[in-house]
Amino acid sequence: MIASAIALLILQVGPNPGANAFPGLPEELRDRPPRERAAAPVGTTGTSGSKLAECVTLAADDAEAASDMAQAWRETAANQLELAQSAHCLGLALVRLDDFAEAQRAFDLAAGEVPPGAPAYQARLSAMSGNAAMAQGNPAIAEIAFTRAVNYATDAADAPLLGSVSVDRARALVAMGRNEDAVAALAGARGADPANARAWLLSATLSRRLERLGEAREQIAQAALLSPQDPAVGLEAGVITALSGRDEEARRSFESVLLVAPQSTEATRARTYLEQLAS
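Residues numbered from 1 in each chain as written. Predicted model: local features only at pLDDT ≥ 70, side-chain atom pairs only at ≥ 80, totals over all residues. Heavy atoms only, no water.

Draft legend 1. Structural detail: the overall build of the protein chain. Each helix and strand counted, the protein chain has 15 helices and zero strands in total. Among the 279 residues that make up the protein chain, the fraction classed as buried is 50%. Taking the contacts inside the protein chain whose residues are at least 6 apart along the sequence as the reference set, 60% of them involve residues at least 24 apart. Carbon and sulfur atoms provide 54% of the accessible area of the protein chain, an area that totals close to 12,200 Å². (Helix = DSSP H or I, 4+ residues; strand = E, 2+ residues; numbered from the N terminus. Buried < 20%, exposed > 50% of the residue type's maximum accessible area, 1.4 Å probe, protein only. Contact = heavy atoms within 4.5 Å. Areas by Shrake-Rupley, 256 points an atom, 1.4 Å probe, with all protein chains shown as cover.)

Draft legend 2. Focus on the pattern of salt bridges. Enumeration according to the criterion identifies 10 salt bridges in this entry. A salt bridge links Arg74 to Glu113, with the nearest nitrogen and oxygen atoms 2.7 Å apart. Residue Arg74 is located in helix α4 (residues 63-76), and its partner Glu113 is located in helix α6 (residues 100-113); the two are separated by 39 residues in the primary sequence. The exposure class of Glu113 is buried, given its relative accessible area of 10%. The shortest N-O distance in the salt bridge between Arg246 and Glu249 comes to 2.9 Å. (Salt bridge = Lys/Arg side-chain N within 4 Å of Asp/Glu carboxyl O.)

Draft legend 3. Examining the side chain of Arg171 more closely. Mapped onto the elements of the fold, Arg171 is located in helix α9 (residues 159-175). Reaching out from Arg171, the side chain makes a polar contact with the side chain of Asn131 at a distance of 2.9 Å. (Polar contact = N/O pair within 3.5 Å; in protein donor to acceptor, adjacent residues only side chain to side chain.)

Draft legend 4. Region of interest: helix α14 (residues 247-260). Its 14 residues give α14 an end-to-end C-alpha distance of 20 Å, which sits within 8% of 20 Å, the value for a rise of 1.5 Å per residue. Among the residues of α14, those classed as buried are Asp247, Ala250, Ser253, Phe254 and Val257. Down the axis of α14, the buried side of the element spans an arc of 125°, and every buried residue falls inside it. (Expected span 1.5 Å × (residues − 1). Arc of directions from axis to C-beta.)

Draft legend 5. View of the state of the cysteines. Considering all chains together, one arrives at one disulfide under this definition. Here Cys55 connects covalently by a disulfide to Cys89, the sulfurs 1.9 Å from one another. Disulfide Cys55-Cys89: the torsion about the S-S bond is -95°, which places it as left-handed. With Cys55 in helix α3 (residues 46-61) and Cys89 in helix α5 (residues 80-96), this pair connects stretches of sequence that are 34 residues apart. Both residues of the pair, Cys55 and Cys89, count as buried. (Disulfide = S-S within 2.5 Å.)

Draft legend 6. Summary view of the packing of aromatic side chains. Under the definition given, this model contains one aromatic pair. Ring plane angle 50° and centroid distance 5.2 Å describe the contact between Phe254 and Tyr273, whose orientation is recorded as tilted. Residue Phe254 is located in helix α14, and its partner Tyr273 is located in helix α15 (residues 265-278); the two are separated by 19 residues in the primary sequence. For Phe254, a relative accessible area of 0% puts it in the buried group. Assessed through its relative accessible area of 4%, Tyr273 is described here as buried. (Phe/Tyr/Trp six-rings, centres within 6.5 Å; stacked < 30°, edge-to-face > 60°.)

Draft legend 7. Up close: helix α8 (residues 139-156). Between its terminal C-alpha atoms α8 stretches 25 Å, which fits the 26 Å expected from 18 residues at 1.5 Å a residue. Those residues of α8 that sit buried are Pro139, Ala142, Glu143, Ala145, Phe146, Ala149, Val150 and Ala153. For α8, the angular spread of buried residues about the axis comes to 165°, placing them on one side. Buried residues along α8 sit against α7 (119-135) and α9. Within two residues after α8, Ala157 carries a phi angle of roughly 55°, on the positive side.

The following block contains the structure:
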């Protein structure tokens, strides 16, 4: 049992069995453009809202064309909201073009151009800026943007959004080596939105890295209740239980990953850990 735990620790270079547990690249911007349709503030007019949706859709298919559309839109924007939305779309197009520095500037511009009364929209735009900074390997700059996002989400009294951007801020803090601040940020995320499975998962990951296995077990159990089919949750649960000396329970967790997502990167890691447990 002790040998198995040591083997797992050796595999966890970092230690980090889930390499994407605290990701640096803003995959939510790159791979999930439909989510951005919801980023416009409540009360957006039909015309500007439709134009933003059109530009976002175009960015997913032809980033160069979307960039051109956004620039042209800025020249004819009818109001402050349209200016913000055009910069928003420009930022998304630049993300698709892997120009994260300019994307960051576009998102910052957009957040500053949002008219009064839409702090939730500003929070989302600030979070996009932070993710673009993370993609450049600048967690200190990202943390500033994520802190702004937290403040905007607080002003908006939007608990799920506050939980989400607090998780983002924790990612930046971990990248900066500010682990205790990250612990506090994740506690804030869980408090704001107890149904945020990702907040519980990353809390468990961080607790495990800090060798607080009792807390990690409680947190991963809550993540599993909220998201039982998530292979990342199963993988982390297996690592935590293995390090707690509960090999059979760990084996079941790793095997569950193979069942729910056999082709995933988590499954690849789970197979490696299963081999270690068997040795």
